[in-house]
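Chain by chain, the residues run as shown.
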Amino acid sequence: MSARHIVFAVAPDLVLLDACGPLEAFWRAELTVAAGRGDGEGGGAGAGFGTGSGSGSGSGSGSGSGSGSGNSNGNGNGNGNTNGNTNGNTSGASPVPHSPHSRPVAYRTTVASIDGGVLQTFPGLPVVTERLDSLDAQPIDTLIVPGVPIDEHCTLQPELVAWIRRNAPRARRICSVCTGAFYLAAAGLLDGRRATTHWREAAHLARRFPNVHVDADPIFIRDAGSGARSHEHSSTGPRESVVWTSAGVTAGIDLALALIDEDLGHAVAMQAARRLVVFMKRPGGQSQFSAALAAQASAGGPFDALHSWMAAHLRDDLTVERLAERARMTPRTFARRYVDEVGRTPAKTVSALRLEAASRALAESRRPLKRIALDCGFGSEQNLRRAFVRRFGVLPLDYRERFMSAAAAPSSAASGVVAADSRRLETL
């Protein structure tokens, strides 16, 4: 089977890590597969992602490894367009020509933009890209759209939206990283589908594209649509494609590892993850990394004062009856008006406030779980653990280990307690 062609369709002001993370994951998978076939570390996918620098001739006899192009074969010639050595960094977006012993075996990657050439990225590092229309005659296995900075007034590049809409039907699967979901949505590829994006932009995505079912918590979402993709292009086009969307920035690595797992199996994906020193499957969702709950609780409106009171009385009875009394309404009227104004039930707000308070307490203090459970209204450690596993997919002490500030970090003696709490996950 020929190498899968992965196309990164990028917009101006590309968020660089949205593309670099997945590119690196595919490259590591390529090295793993090449080594397994006896090609050694010389097998390369050719990431096709360069910074436009380099003036040396690239001569030498080493076998330097490349960050995106494959390695020289020790024959005294560099791969050309290098920084004056044999490290194989390309100066353009096209993969460097491979020797007969270093052809791509798993993945061939291309980074392309509407105009091609040098593209300025959001961190300021320029990259060199191919023209997207140069790929019109080439097969595309996976189309990936990385993110760009988004605000309420931003304008998506219309030419890129049109290219995505036109070419998505011929890709086996379509993906976005972070705010790349806005481009997929603008092209109509997310209508009626579940999708995610960076937690900070999820509400904006939902407002701008109301036909998209936005879920702000998952690290990535795989939506297969209403049916399997046919081998022939039908009138439904991209609606039959599998669409993947992922959360912000580094979630692109999680997405790429899941794609590698689907293509090449768990063992190859695990090796790629080990080479990258990352989780094969990151525990929990975006809720672990956001302050969204606190923002929602203080967003203003007729219940703003009530939310502040609730946050200060998490240990109290916060039933609908008690909250209605505080709001000077009947329970039925309060429950109805609250859902109309806030968009969720009072009980869900209470749960969110308690979880947010417990999360802050775990990250910012050394208080024991029993005290945090009582202070935040959970009543017991067991209830706190269950709430964390249900909402975040991790146990409280695992959360603390991951997010605790340096000032509040416990001594190494506490590591045994964390390990013990981790083992409790199996009993919940």
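Residues numbered from 1 in each chain as written. Predicted model: local features only at pLDDT ≥ 70, side-chain atom pairs only at ≥ 80, totals over all residues. Heavy atoms only, no water.

Visitor: Honestly, helix α6 (residues 266-276) in this entry has me stumped. Any pointers?
Guide: Since the α-helix turns once every 3.6 residues, residues separated by three or four places project in the same direction. The complete set of buried residues in α6 reads Val268, Ala269, Ala272, Ala273 and Leu276. What you see down the axis of α6 is that its buried residues fit within an arc of 140 degrees, all on one side. In α6, the exposed positions that point more than 90 degrees away from the buried face belong to Ala267 and Arg274. At its buried positions, α6 is contacted by α1 (16-36) and α5 (251-264). (Buried < 20%, exposed > 50% of the residue type's maximum accessible area, 1.4 Å probe, protein only. Helix = DSSP H or I, 4+ residues; strand = E, 2+ residues; numbered from the N terminus. Arc of directions from axis to C-beta. Contact = heavy atoms within 4.5 Å.)

Visitor: Is there a simple way to explain the environment of Asp375 in this structure?
Guide: Here Asp375 is to be found in helix α12 (residues 369-375). Expressed as a C-alpha distance, the spacing of Asp375 and Asp316, which sit 59 residues apart in the sequence, is 9.5 Å. In this structure, Asp375 is in contact with Leu314, Arg315 and Arg367, ignoring residues within four places of it in sequence. Engagement of the side chain of Asp375 in a polar contact is seen with the side chain of Arg315, the distance being 3.4 Å. (Polar contact = N/O pair within 3.5 Å; in protein donor to acceptor, adjacent residues only side chain to side chain.)

Visitor: Any chance you could explain α5 here in plain terms?
Guide: With 14 residues, α5 should reach 20 Å at 1.5 Å per residue; the first-to-last C-alpha distance of 20 Å fits that figure. Of all 14 residues making up α5, eleven are buried, and the element is well covered by its neighbours. Just downstream of α5 lies Gly265, where phi reads positive at about 100 degrees. (Expected span 1.5 Å × (residues − 1).)

Visitor: Please clarify how the side chain of Thr349 should be interpreted in this entry.
Guide: By the element assignment, Thr349 lies in helix α11 (residues 346-364). Assessed through its relative accessible area of 2%, Thr349 is described here as buried. At a separation of 2.7 Å, a polar atom in the side chain of Thr349 contacts the side chain of Tyr338.

Visitor: How do you make sense of the packing of α5 against α6 when you look at a structure like this?
Guide: In a pair of packed helices, the angle between the axes and the distance between the axes together describe the arrangement. Where α5 meets α6, the axes come as close as 7 Å, and the angle between the chain directions of the two elements is 150 degrees. In this view, α5 runs roughly antiparallel relative to α6, as classed from their interaxial angle. Seen from above, α5 lies across α6 with right-handed handedness. Here α5 contributes Ile253, Leu257, Ile260, Asp261 and Leu264 to the contact with α6, which in turn contributes His266, Val268, Ala269, Ala272, Ala273 and Leu276. (Axes fitted to C-alpha atoms, helices over the stretch in contact; angles between N-to-C directions. Parallel < 35°, antiparallel > 145°, perpendicular 65-115°, else oblique. Left-handed = near helix turned anticlockwise from the far one by under 90°.)

Visitor: Before we go on, may I ask you to explain the pattern of salt bridges in this structure?
Guide: One side chain can pair with another of opposite charge once the charged atoms of both are near each other. Following the criterion strictly, the structure yields 18 salt bridges and no others. In this structure, Arg207 engages Glu152 in a salt bridge whose closest nitrogen and oxygen atoms are separated by 2.3 Å. Of this pair, Arg207 sits in helix α4 (residues 202-208) while Glu152 sits in the loop between β5 (140-145) and α2 (158-167), placing them 55 residues apart in sequence. What makes Arg207 exposed here is its relative accessible area of 52%. Look at Glu152 and you get partly exposed, because its relative accessible area is 49%. (Salt bridge = Lys/Arg side-chain N within 4 Å of Asp/Glu carboxyl O.)

Visitor: Mind showing me how you'd approach the packing of aromatic side chains here?
Guide: Any two aromatic rings considered together are summarised by their centre-to-centre distance and by the angle between their planes. For the coordinates displayed, the defined rule picks out eight aromatic pairs. Taken together, the ring pairs in this structure connect Phe8, Phe26 and Tyr107 into an aromatic cluster. (Phe/Tyr/Trp six-rings, centres within 6.5 Å; stacked < 30°, edge-to-face > 60°.)

Visitor: Just to check I follow, could you spell out the side chain of Thr197 for this structure?
Guide: Take Thr197: it is sitting in the loop between β7 (194-195) and α4. Reaching out from Thr197, the side chain makes a polar contact with the backbone oxygen of Cys178 at a distance of 2.8 Å.

Visitor: Explanation requested: the packing of α1 against α5 in the structure shown.
Guide: Relative orientation of the contacting elements α1 and α5 amounts to 30 degrees, with a least axis distance of 8 Å. As far as their axial angle goes, α5 and α1 are roughly parallel. Two packed elements cross with a definite hand, and for α1 against α5 that hand is right-handed. Mapping the contact onto sequence places Gly21, Pro22, Ala25, Phe26, Ala29 and Val33 in α1 and Gly252, Ile253, Ala256, Leu257, Leu259, Ile260 and Leu264 in α5.

These results come straight from atomic positions and should not be treated as a statement about function.
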